[in-house]
Each structure stands twice: as structure tokens, then as C-alpha cells.
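A structural walkthrough
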Amino acid sequence: MLGKILKFTLMLFLALLAACTPAAAPADTPLPPEPIAAPTDTAEPIPQPITLADGRGVEISLDQPAERIISLAPSNTEILFAVGAGGQVIGRDSFSDFPAEALAITDIGGGFGELDIETLLSLEPDLVLSADIIAPEQNQALEALGLPVFVLPNPVELDGLYTNLETVGRLTGHVDQAAQAAAALGQRVQDVLENVANAEDRPLVFYQLDSTDPNAPWTSGPGTFIDTLIHLAGGENVGAGLEGPWVQISVEALIAQNPDVILMGDALYSGLTAADVAARPGWDAIAAVQNGQVYEFDDNLASRPGPRLVDGLEQIARLLHPGLFSE
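Cut-offs applied
Residues numbered from 1 in each chain as written. Predicted model: local features only at pLDDT ≥ 70, side-chain atom pairs only at ≥ 80, totals over all residues. Heavy atoms only, no water. Pairing = 2+ DSSP bridges. Helix = DSSP H or I, 4+ residues; strand = E, 2+ residues; numbered from the N terminus. Contact = heavy atoms within 4.5 Å. Axes fitted to C-alpha atoms, helices over the stretch in contact; angles between N-to-C directions. 1 Å grid on protein atoms, 1.4 Å probe; cavity = no way out; pocket = protein on both sides within 12 Å on 5 of 7 lines; lining within 4 Å. Points joined across faces, edges and corners; volume = space filled by probe spheres on them. Nonpolar A, V, L, I, M, F, W, Y, C, P; charged D, E, K, R; others polar. Buried < 20%, exposed > 50% of the residue type's maximum accessible area, 1.4 Å probe, protein only. Expected span 1.5 Å × (residues − 1). Arc of directions from axis to C-beta.

Before going further, it helps to spend a moment on the sheet that holds strand β10 (residues 236-237). Strands sit in the order β10-β8-β12-β13 across an open sheet of four strands; the sheet is parallel. Edge strands, defined here as strands with exactly one partner in the open sheet, are β10 and β13 (294-296). Across three bridges, strand β12 (residues 261-264) lies against β13 in parallel orientation. By the bridge assignment for β13, methionine 264 is matched with glutamate 296.

So, in C-alpha cells, the structure goes:
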């Protein structure tokens, strides 16, 4: 009897224990959904209007940074690419050939020829970036068509180049990249100046712009990019004492000046070589010819007021003072 009572008590205890234990959830019971994060504000910043005075002193206003740009000068095109706005250039003048990507952009003429106005208008630009070298009448004609024309000034000092970079950066929405580009170029110029400060002499340099008439070649006078670069590179410009930015000099006067170095800025388009210069009658009396210091030079590095002016400065400095620069 006692055994039956114990057995019943044990069964009752197990039943009560089972009743107090929570049932396991079925394997396919869905979990509660994850809380949904509150939406965040990811809206793009609203473009701000831009108002700047151009090289003419004319104020140009844009509702926002330009996205469809036509460049009317090679230096402008090079600046646009240097500040990161190359992808916004939809048209360029015929002479804009650097960087290589520029050649894929629609050619709208210009340079020494006429602009293709029909093509230019069909591109629907929101900015035409002009330059001091462009005839004022051409800028005015484009403005009469309702196009915003910004004329970049034509600097003769490198500080003016840096300012142009920053201006184009503002016009195109690349302010930071423009500042970085200007700073990098400025550092390279400073490196050249520090090197040539150790030079023992300043060679006399004749820059040959056009020697179609070898008895009266054209050279660069005072107040030009070329004059500035030669001076910064540690040389003296033969043309600095002449009158006018671009001037001819007689072969007799050149022989009397007796330059130490001749830079052939017309080599690329004329096909002339250093040997051709050395073979000219009377030129063998010039120190540069006697010492083999006649060099073919890419004039685009000295005549275009764009970022490659610094390339030109570096190359001229190395030619004038090779011992001061490591390879």
C-alpha cells in the first residue's frame, strides 16, 4: 500500500513540474522584426551662385558651378584639366592639344581661324572661358548670343598663374583641387629657385621665337613669360634690353651680345635643328654655338600661360645649370 502511495506521489510531482516548464517555441516561429532606423538627411548641398570679375573687370554671375564649358585658348584647356574640370569641357579651340584627352573634345575652331558658331551653340555651354589673347570683338559677339563669357587675364608672373587656377576652380566647382594644384606648382618653383641660388654665374640666353629670316630672328622682350622664366631659371635674357614684348634683332647685334645659350623655341614647328643654327653664316662666332649650347625647346612650355610654365622653368634651369640638378 505504501508503495502505491509513493508511486502516485512521484507521478503527481512530475506532472506539476512539466506544467511549470515553458513550452519550447516551434522551429519555424518567426523572430520579431529588427527595428527600422530612422531615415537620415542625405540631400546634396544646394549649389551656391558665383559672381567673379574677369580679366576685363566685367562681373560674371553663374547660378552654380559651370558644367558645360567651352575653352577658347590652349592655356585655359590645360588649366581646366589641371584643376580636375576636364570632364566638364565640351568644346575647345583648334590649338588645344594638351593633355591628350583634350583631342577627343569637340573642336570649335578659333585660334587664327574663325569660330564655328553653329557647332558652338549646338553644344549649349553654360560658360565660355576666353582669354586676353582673344579679340575683344569675338568675346562681345559671343555675349550678344546670350552666352556667359569669362575672360582669364594673361599673367606675366607665376603668381598670376596660381590666381587663374584658383579662379577656374571656383567657376567649375573644384576649389580644393585648384588650391592643391597651385600649391604643388608653387613648391616646384621654389625648388628651382633654391637650386639656382647656388649658381656661380647667370648665362646670357637668346630665345629664338621665329628665325624664318635668320638675319633678323624674332625673340622675346621684357615683360613676357619667356623673359620671366629665363630670369627665374638663373639666366639673363638677351631680349630684356630690347623694346617691345616680341621683337626682331639683327644678326650683327646678336653676335655682339654673344649669348652663352640659345633656346630654339621655333624648333617644333619649323623643323630646324641645332645643327642648322650652327651652320648659319656668322653664327659660329657666338659662344653658344662654339660651346654646343644650342638647344631645341618646346615653346608651348614658355608661351602658354598655363600649368606647364613650371615644366618650362624646370627645363630651362636644367639647361642653364645642369650641375645643380640631380637626374
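The strand order across the open sheet formed by five strands is β5-β4-β3-β6-β7, and the pairing between neighbours is parallel. Edge positions in the open sheet fall to β5 (106-107) and β7 (149-152), since each of these has one partner strand only. As paired strands, strand β3 (residues 69-71) and strand β4 (residues 89-92) are joined by three bridges and run parallel to one another. Within β4, the position partnered with isoleucine 70 by the bridge is glycine 91. In the packing of helix α5 (residues 158-172) onto the sheet, the strands contacted are β3, β6 (127-131) and β7, and the crossing angle to β7 comes to about 160 degrees.

Another point: empty space enclosed by the protein. One pass over the structure, following the stated rule, counts one cavity of 30 Å³ or more. Of the voids in this model, the largest cavity is the one considered here, and its volume is about 30 Å³. Lining the largest cavity, in full, are Val156, Glu157, Leu158, Phe225, Thr228, Leu229 and Leu309. The greatest single-element share of the lining of the largest cavity, amounting to three residues, is contributed by helix α7 (residues 225-232). Counted by class, the lining of the largest cavity contains five nonpolar, one polar and one charged residues.

The two faces of strand β2 (residues 59-62) differ: Ile60 and Leu62 on one face are buried, but Glu59 and Ser61 on the other face are not. Where strand β1 (residues 50-53) and β2 come together, four bridges link them in antiparallel fashion. Looking at β2, one finds that isoleucine 50 is bridged to leucine 62. Remark: five residues form the turn of the hairpin made by β1 and β2, two consecutive strands paired antiparallel; glycine 57 in that turn has positive phi of roughly 85 degrees.

Turning to helix α6 (residues 175-196), a few remarks are in order. Taking 1.5 Å per residue as the helical rise, α6 with its 22 residues ought to reach 32 Å, and the 32 Å between its terminal C-alpha atoms agrees with that figure. Within α6 the residues assigned to the buried category are Ala178, Ala181, Ala182, Leu185, Val189, Val192 and Val196. End-on, the buried residues of α6 take up no more than an arc of 95 degrees, which puts them together on one face. Opposite the buried face of α6, at more than 90 degrees from it, the exposed residues are Asp176 and Gln180. Those residues of α6 that are buried are in contact with α2 (74-82), α5, α7 and α13 (309-320).

To continue, consider unusual backbone geometry. For the bond running from phenylalanine 98 to proline 99, omega is -5 degrees, close enough to zero to count as cis. Within the secondary structure, proline 99 is located in the loop between β4 and β5. Here the phi dihedral of glutamate 124 falls at roughly 50 degrees; this positive angle occurs in a residue that is not glycine. Within the fold, glutamate 124 resides in the loop between α3 (117-122) and β6. The backbone of asparagine 258 sits at a positive phi, close to 55 degrees, despite the residue not being glycine. Considering the arrangement of structural elements, one finds asparagine 258 in the loop between α8 (251-257) and β12.

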